[in-house]
Amino acid sequence: MSSTNFWDTRFGQEEFVYGREPNAFLAEHHLVFPKGARVLSLGEGEGRNAVFLARQGYDVTALDSSEAGMRKLSTLASQGGVLVSQRLEDMSRADLGVSRWNGIVNIFAHLPFAERQELYVKIRAALKGGGVFLSECFSPRQLDYESGGPRDANLLIELDELLKAFEGFEILLAEETGVTLDEGPFHQGPASVIRFVARKPVSD
Ligand SMILES: C[S@@+](CC[C@H](N)C(=O)[O-])C[C@H]1O[C@@H](n2cnc3c(N)ncnc32)[C@H](O)[C@@H]1O
């Protein structure tokens with residue numbers, strides 16, 4: 001099954017499988033984006049994070065390759081009374097632009113190693129000076145847990161690769177940590193995550 005079909009199948013039920021509430025890490029740290037910031041959410045899924053950000057007053061674009069996810073995002077956005085721009089695209093092929101976003105978010109959207117190194121290069125370029133990349137993803141230690149995430153080590157992220165990819169950025173937060181997930185039926189219980197927030201230099 002292609003990964004798009006995997007996500008369309010997972011999202012093809014009425015329930016919001018990661019919940020309707022935003023990811024806790026994003027909710028805690030969103031103020032790192034300036035008021036009214038233009039924010040791109042990669043691998044947005046069913047819309048919980050994009051709708052949350054739009055409700056905080058950000059100008060949000062959600063990018064995901066799952067049509068079923070984007071349909072649910074539309075529902076959640078209209079229920080929340082907000083507008084979220086949508087891009088139905090593969091993030092590893094998408095043109096993210098140059099100096100275009102004040103913020104880029106990736107919450108639990110995992111790519112194979114080589115593809116995500118290319119994505120990091122695009123994220124660096126796509127952020128405006130002073131713009132922030134914020135991400136929470138699973139580390140390889142997540143393979144010890146049953147609380148969610150890919151079962152393929154090639155999709156799991158080491159902190160060092162992010163520190164290397166975002167060299168020259170101001171690192172606001174970079175940690176591998178244990179958390180207890182409570183985000184719908186597929187993210188439940190103890191987990192090992194990488195949390196990363198980095199700001200592009202204004203002069204870049
Ligand atoms: C675990 S879900 C997380 C969804 C959302 N970020 C959240 O926190 O609720 C992973 C998401 O990444 C998306 N995704 C995976 N690979 C992708 C790709 N290559 N391009 C775009 N989206 C992708 C899936 O469609 C899915 O929505």
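Everything that follows concerns the structure shown earlier in this document.
Right, let's walk through the structure included here. Predicted model only: the values in this text are computed from it and were never measured. (Residues numbered from 1 in each chain as written. Predicted model: local features only at pLDDT ≥ 70, side-chain atom pairs only at ≥ 80, totals over all residues. Heavy atoms only, no water.)

**Here we look at the sheet that holds strand 1 (residues 38-42)**
And then number 1: Spatially, 3-2-1-4-5-7-6 is the arrangement adopted by the 7 strands of the open sheet, whose pairing is mixed. Two strands close off the open sheet at either side, each with one partner strand: strand 3 (85-88) and strand 6 (170-182). Within the sheet, the average angular offset between the axes of one strand and its neighbour, ignoring direction, is 15°.
And then number 2: Relative to strand 7 (residues 188-199), strand 6 runs antiparallel, the two sharing 12 bridges. Bridging across to strand 7, Thr177 finds its partner in Val193. (Pairing = 2+ DSSP bridges. Helix = DSSP H or I, 4+ residues; strand = E, 2+ residues; numbered from the N terminus. Axes fitted to C-alpha atoms, helices over the stretch in contact; angles between N-to-C directions.)

**A word on empty space enclosed by the protein**
And then number 1: Under the criterion given, the structure shown has 1 cavity of 30 Å³ or more.
And then number 2: By volume, the largest cavity is sized at about 70 Å³.
And then number 3: What lines the largest cavity is a set of 13 residues, and nearest its centre among them are Asn106, Ala109, Leu119, Tyr120 and Ile157.
And then number 4: Those elements that provide at least two residues to the lining of the largest cavity are helix 5 (113-126) and strand 5 (127-138).
And then number 5: Tallying contributions element by element places helix 5 first for the lining of the largest cavity, with 4 residues. (1 Å grid on protein atoms, 1.4 Å probe; cavity = no way out; pocket = protein on both sides within 12 Å on 5 of 7 lines; lining within 4 Å. Points joined across faces, edges and corners; volume = space filled by probe spheres on them.)

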